[in-house]
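What follows is each chain in one-letter form.
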Amino acid sequence: MTPYKSFPKLTTLLYLCIISFVAACNPLSPPPSPTMSTPPTPTPEIFPTPLSFGEPIEAFEQAEQLGRGVNFANALEAPNEGEWGLTLEERYFDLAKEGGFATIRLPVRWSAHAEVQAPYTIDENFFRRIDWAIAHATRRGLNIVVNMHHYEEFMSNPEEHRARFIAIWTQIAERYQNQPATVVFELCNEPNGMSANRWNPIAQEALAAVRTTNPTRNVIIGGADWNSIQGLMDLKLPEADRHVIATFHYYSPFEFTHQGAEWVKGSEAWLGTEWLGKSNDKSVVNYHLDQVAQWSEENRRPMWLGEFGAYSKADMDSRVRWTSYLARDAEKHHISWAYWEFGAGFGLYDLAQNAWNQPLLEALVP
Ligand code: GLC
């Protein structure tokens, strides 16, 4: 039975409108440029002893273990850490653990810290900073998903940057090959500006590069078109490689989640948009997650929702309703998730007040 058949006609039309709207939106781009001065990046602590590799984890099992997660965003994917107002601290890892999260997603702008010419060497100090983050997550029993975020030059010119993209992954994979299986790689945040036909073979090439040193580590891969559900439908993964978890992002309705977002042109017009959680609102979310679950079943791939969240300019009651519905509905579909994000504009934790945004935390971890 196709998912459409279970809904009345009028609702179907509404879905189609919303889906075409979401498909037409390509507006995700970096957060607003910083207005704050750059705090110095602390000298990285070094953890020279690699943690034991441990047993490989089957992809479905690991996807389940990822459980509830949070993105440590606006730090390491800024051009330089601190430039977007956030520098990671050790206590954030404790907070994530105490808050009830099992997983940290770590957005990283590797491209700003690697040579522009072959062999595209990644800066050693930057690598140590990532070692530091991995060590702090791992020591606390947290999974950590290390991604590649905001490689904008690659998005605008994939063929020219293809070799560098692969070389960066080769180095990351080599460096972390002895880390435990709870360290997971995610190839590319929100590929865009290229079709699935272009992205799919590049992703497979990067995966093959990772496999030379990490034969069984689970790798997370999403589709073109900003990791949208539409993009997932066109994602092609190598059939024989079963250590892959597929991912997608969810920000629908976009005019609700991104109202007033400084990096989305025209979004002030959406200010005041509420999410009331009426049965139709919920059916739309549920319909989308049904699509994801169906893809997952047909392709025999576990799924991960790597980003979802509503910006702080939306009213808090609506944010709490939407966030809680999303988290529970994903769980109902056996999809683990990571909230976007910890301490900035979608903030789950108020760094200025040193306090959780309690209603949001409870929406995520009831
Ligand atoms: C994507 C973008 C990130 C943005 C978020 C929400 O992850 O890469 O920069 O803040 O979506 O719009």
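Above this text is the structure in question.
Being a predicted model, the structure only gives us computed values, none of them experimental.

## Examining the pairing of strand 3 (residues 143-147)
Counting buried residues along strand 3, five of its five residues qualify, which places the element largely inside the surrounding structure. Residues Asn143, Val145 and Asn147 point to one face of strand 3 and Ile144 and Val146 to the other, with burial holding for every one of them. In terms of strand pairing, strand 2 (residues 103-106) meets strand 3 through four bridges, oriented parallel. Bridge pairing links Thr103 to Asn143 in strand 3. As a crossover connection, the stretch from strand 2 through helix 4 (residues 124-139) into strand 3 is right-handed. In terms of strand pairing, strand 3 meets strand 4 (residues 183-186) through four bridges, oriented parallel. Note on strand 4: the bridge partner recorded for Val146 is Phe185.

## Structural notes on helix 6 (residues 158-175)
For helix 6, which comprises 18 residues, the first-to-last C-alpha distance of 24 Å matches the rise-based estimate of 26 Å (1.5 Å per residue) to within 8%. The secondary structure elements touched by the buried residues of helix 6 are helix 4, strand 3, helix 5 (152-156), strand 4 and helix 7 (196-211).

## Side note on the pairing of strand 2
Burial along strand 2 is two-sided: Thr103 and Arg105 facing one way and Ile104 and Leu106 facing the other are all buried. Here strand 1 (residues 68-71) pairs with strand 2 via three bridges, running parallel. The residue of strand 2 that forms the bridge with Asn71 is Arg105. Once you follow strand 1 into helix 3 (residues 90-98) and on to strand 2, the crossover reads as right-handed.

## A short note on helix 11 (residues 279-299)
Between its first and last C-alpha atoms helix 11 spans 30 Å; for 21 residues at 1.5 Å apiece the expected length is 30 Å, and the two agree. Within helix 11, burial applies to Ser283, Val284, Val285, Asn286, Tyr287, His288, Leu289, Val292, Trp295 and Ser296. Of the residues flanking the end of helix 11, it is Arg300, one or two places downstream, whose phi is positive at about 50 degrees.

## Quick notes on the nonpolar core
Residues Trp110, Phe165 and Trp199 are the most contacted members of the largest nonpolar core, which totals 98 residues. Here the element with the most residues in this core is helix 7; it accounts for eight residues. Each residue touching Trp110, except ones within four places of it in the same chain, is listed here: Ile122, Phe126, Phe127, Ile130, Val146, Asn147, Met148, Ile168, Ile172 and Tyr176.

## Regarding the pattern of salt bridges
This structure, assessed with the given rule, holds 20 salt bridges. Among the salt bridges present, the one from Arg162 reaches Glu205, with a minimum N-O distance of 2.7 Å. Remark: Glu205 occurs in helix 7 and Arg162 occurs in helix 6; sequence separation between them is 43 residues. According to the relative accessible area criterion, Glu205 is partly exposed, its value standing at 34%. The shortest N-O distance in the salt bridge between Arg300 and Glu239 comes to 2.8 Å. In this pair, Arg300 sits in the loop between helix 11 and strand 7 (303-308) while Glu239 sits in the loop between helix 9 (229-233) and strand 6 (244-250), placing the two residues 61 residues apart along the sequence. A relative accessible area of 48% places Arg300 in the partly exposed class.

## Observations concerning the environment of Pro158
Note on placement: Pro158 falls in helix 6. Given the relative accessible area of 9%, Pro158 is considered buried. As for Pro158 and Met194, which are separated by 36 residues in sequence, their C-alpha atoms are 7.4 Å apart. Beyond its immediate sequence surroundings of up to four residues, Pro158 is in contact with Met194, Arg198 and Ile202.

## Structural notes on the packing of helix 11 against helix 12 (residues 316-332)
Look at helix 11 against helix 12: their axes get within 10 Å of each other, and the N-to-C directions meet at 35 degrees. Helix 11 and helix 12 meet at a crossing whose hand is right-handed. Contacts between helix 11 and helix 12 pair Lys282, Val285, Asn286 and Leu289 from the former with Tyr325, Leu326, Asp329, Ala330 and Lys332 from the latter. Split into classes, the residues belonging to the contact of helix 11 with helix 12 amount to five nonpolar, one polar and three charged.

## Overview of the packing of aromatic side chains
All chains considered together, the criterion is met by 28 aromatic pairs. Here the aromatic rings of Tyr151 and Phe154 are separated by 5.5 Å at their centres, their planes lie at 40 degrees, and the arrangement is tilted. Residue classification places Phe154 among the buried positions, given a relative accessible area of 0%. Between Phe165 and Trp199, the ring centres sit 6.2 Å apart and the planes meet at 70 degrees, which makes this aromatic pair edge-to-face.

Scoring rules and cut-offs
- Residues numbered from 1 in each chain as written.
- Predicted model: local features only at pLDDT ≥ 70, side-chain atom pairs only at ≥ 80, totals over all residues.
- Heavy atoms only, no water.
- Buried < 20%, exposed > 50% of the residue type's maximum accessible area, 1.4 Å probe, protein only.
- Helix = DSSP H or I, 4+ residues; strand = E, 2+ residues; numbered from the N terminus.
- Pairing = 2+ DSSP bridges.
- Right-handed = clockwise from strand over helix to strand, strands pointing away.
- Expected span 1.5 Å × (residues − 1).
- Contact = heavy atoms within 4.5 Å.
- Core = buried A, V, L, I, M, F, W, Y, C linked by side-chain atoms within 4.5 Å.
- Salt bridge = Lys/Arg side-chain N within 4 Å of Asp/Glu carboxyl O.
- Axes fitted to C-alpha atoms, helices over the stretch in contact; angles between N-to-C directions.
- Left-handed = near helix turned anticlockwise from the far one by under 90°.
- Nonpolar A, V, L, I, M, F, W, Y, C, P; charged D, E, K, R; others polar.
- Phe/Tyr/Trp six-rings, centres within 6.5 Å; stacked < 30°, edge-to-face > 60°.

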